[in-house]
Amino acid sequence: RLMNKILLMILQRFGLGLLTLFVVSIIIFVGVEFLPGDIAEALLGQGASPENVAALRHELGLDRPAHTRYIDWWAGVLQGDLGTSLANRRDIAELITFRLSNTLFLALTAAAISVPLALLFGILAALYRNSLYDRSVNVVTLGAVSAPEFLTAYVLILYFSVKLGWFPSLSNIDQDTSFIDKLHQVALPAITLMGVILAYMMRMVRASIINLLASAYIEMAHLKGMPKFRVIVKHALPNAWAPIANIIAISLAYLVVGVVVVEVVFIYPGLGQLMVDSVSNRDIPVVQACSMIFAGTYILLNLTADIVSICTNPRLLHPK
């Protein structure tokens, strides 16, 4: 019976996810359509004659009605064809593959360091609540969350690239770049992303554990003389996995979706940089493909968080 309810919940969330993807595709398509100019004018330049612009628009299929182009795009997506880039006539799936792998590499590098540190610092902050360590960490994390990403990125570039020369200011990588060189190239972008998600995750982990420490069974464990660290690790932490799982999933979703600003600042050849360039060029098929990947990733990670939360706490299936 429990598995049937979980399966029903997954199907409902999956259906809502597909609906969300559909709405996102409409918003992106309409938004790019309303931008001034089009890709034909961008490719030919301002000095092109109206006849040449009209001929290129016809060649690219831009003279067809907007709803027809949108329906044809969805028909191709449902068949596994993302279409062709209007800017360079390359297959979009081929164009995206390398960029997507770069974005995932950057996000996973930041996550591999941020998640363990957030759990450790969050547990220690809850263990030594209201201490000097807890207050200091809260001040630092609040400042990190409040600082814009581009500001953090430029400060890191100023000190670690311009003054110290430890890391490059531009993250130039290609398919022949070795793993060690990739880590060196993405160091500053990864640190920029870590500054935000590490602070956010640590504060949420601390709040989740402190909320559980007020429970009756935790007070009983303290009355029995159990050490604080053992109480947190053995009793509080297992019951905090549901909110922590949501925190981790949302943070990972942010890492994949929120890399756009960081990639633009460091000229990192990822999916976010590709989407920004495609918006500038009015390359609608590429913008839609990138947006669908970002939206699909965010929805999938949130669905994963819901499943993990319910598996660790089945009472969530019966909201009051």
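Located above this text is the structure these notes cover.
Residues numbered from 1 in each chain as written. Predicted model: local features only at pLDDT ≥ 70, side-chain atom pairs only at ≥ 80, totals over all residues. Heavy atoms only, no water.

Draft legend 1. Representation of the overall build of the protein in the model. Per the secondary structure count, the protein includes 15 helices and zero strands. When burial is assessed residue by residue, the protein has 42% of its 320 residues classed as buried. Looking at the protein alone, contacts between residues at least 24 apart form 72% of all its contacts between residues at least 6 apart. Carbon and sulfur atoms provide 67% of the accessible area of the protein, an area that totals close to 17,400 Å². Positive and negative side-chain charges in the protein, numbering 22 and 20 respectively, have mean positions lying 23 Å apart. (Helix = DSSP H or I, 4+ residues; strand = E, 2+ residues; numbered from the N terminus. Buried < 20%, exposed > 50% of the residue type's maximum accessible area, 1.4 Å probe, protein only. Contact = heavy atoms within 4.5 Å. Areas by Shrake-Rupley, 256 points an atom, 1.4 Å probe, with all protein chains shown as cover. Lys, Arg positive; Asp, Glu negative; His and termini not counted. Charge placed at Lys NZ, Arg CZ, Asp CG, Glu CD.)

Draft legend 2. Broad picture of the packing of aromatic side chains. Scanning the model with the defined rule gives seven aromatic pairs in all. Ring centres of phenylalanine 29 and tyrosine 70 lie 5.4 Å apart, and the angle between their planes is 55°; on these two criteria the pair is classed as tilted. Residue phenylalanine 29 is found in helix α1 (residues 2-33), and its partner tyrosine 70 is found in helix α4 (residues 66-78); the two are separated by 41 residues along the sequence. Classification of phenylalanine 29 as buried rests on a relative accessible area of 7%. Tyrosine 70 gets classed as buried once you look at its relative accessible area, which sits at 12%. Ring plane angle 70° and centroid distance 5.3 Å describe the contact between tryptophan 73 and tryptophan 74, whose orientation is recorded as edge-to-face. Judged by its relative accessible area of 19%, tryptophan 74 falls in the buried class. (Phe/Tyr/Trp six-rings, centres within 6.5 Å; stacked < 30°, edge-to-face > 60°.)

Draft legend 3. Region of interest: the layout of surface pockets. Here the largest pocket is characterised by a volume of approximately 370 Å³. Elements supplying a minimum of two residues to the lining of the largest pocket: α3 (50-60), α4 and α15 (284-312). Looking at the lining of the largest pocket, the element that brings in the most residues is α4, giving four residues. Considered class by class, the residues forming the lining of the largest pocket number eight nonpolar, five polar and six charged. (1 Å grid on protein atoms, 1.4 Å probe; cavity = no way out; pocket = protein on both sides within 12 Å on 5 of 7 lines; lining within 4 Å. Points joined across faces, edges and corners; volume = space filled by probe spheres on them. Nonpolar A, V, L, I, M, F, W, Y, C, P; charged D, E, K, R; others polar.)

Draft legend 4. Quick look at the packing of helix α7 (residues 149-163) against helix α9 (residues 187-213). Axis separation between α7 and α9 bottoms out at 9 Å; the angle between their running directions is 135°. In terms of their interaxial angle, α7 and α9 are classed as oblique. In the packing of α7 onto α9, the handedness of the crossing is right-handed. Together, Glu149, Thr152, Ala153, Leu156, Ile157, Phe160 and Ser161 of α7 and Leu188, Ile191, Thr192 and Val196 of α9 make up the contact between the two elements. Broken down by class, the residue content of the contact of α7 with α9 amounts to seven nonpolar, three polar and one charged. (Axes fitted to C-alpha atoms, helices over the stretch in contact; angles between N-to-C directions. Parallel < 35°, antiparallel > 145°, perpendicular 65-115°, else oblique. Left-handed = near helix turned anticlockwise from the far one by under 90°.)

Draft legend 5. Quick peek at a nonpolar patch on the surface. On the surface, a nonpolar cluster with roughly 760 Å² of combined accessible area is contributed by Leu16, Leu19, Phe22, Val23, Ile26, Ile27, Val30 and Phe34. Note on placement: isoleucine 26 falls in helix α1. (Patch = residues over 30% accessible without salt bridge, like charges linked within 9 Å, V, L, I, M, F, W, Y side chains within 5 Å. Salt bridge = Lys/Arg side-chain N within 4 Å of Asp/Glu carboxyl O.)

Draft legend 6. Structural view of α7. For α7, built from 15 residues, the straight-helix expectation of 21 Å at 1.5 Å per residue is met to within 8% by its first-to-last C-alpha distance of 20 Å. Along α7, the helix axis deviates most sharply at isoleucine 157, where the bend reaches about 30°. Within the sequence span of α7, burial applies to Glu149, Ala153, Leu156, Ile157 and Ser161. Downstream of α7 by a residue or two, glycine 165 has a phi angle that is positive, lying close to 70°. (Expected span 1.5 Å × (residues − 1). Bend = angle between axes of the 7 residues up to and from the residue.)

Draft legend 7. Main features of the environment of leucine 119. Tracing the sequence through the fold places leucine 119 in helix α5 (residues 92-127). Judged by its relative accessible area of 18%, leucine 119 is buried. Note: C-alpha distance between leucine 119 and arginine 203 (84 residues apart in sequence) is 9.6 Å. With sequence-adjacent residues up to four places away left out, leucine 119 is seen in contact with Val205 and Ile244.

Draft legend 8. Just unusual backbone geometry, in detail. Unusually for a residue other than glycine, isoleucine 267 sits at a positive phi of about 50°. In this structure, isoleucine 267 sits in the loop between α13 (260-265) and α14 (271-281).

Draft legend 9. Layout of α3. Every buried residue of α3 is listed here: Val53, Leu56 and Leu60. Across the axial projection of α3, the buried residues extend over an arc of 65°, all falling on one side. Turned more than 90 degrees away from the buried face of α3 sit Pro50, Glu51, His58 and Glu59, all of them exposed. (Arc of directions from axis to C-beta.)

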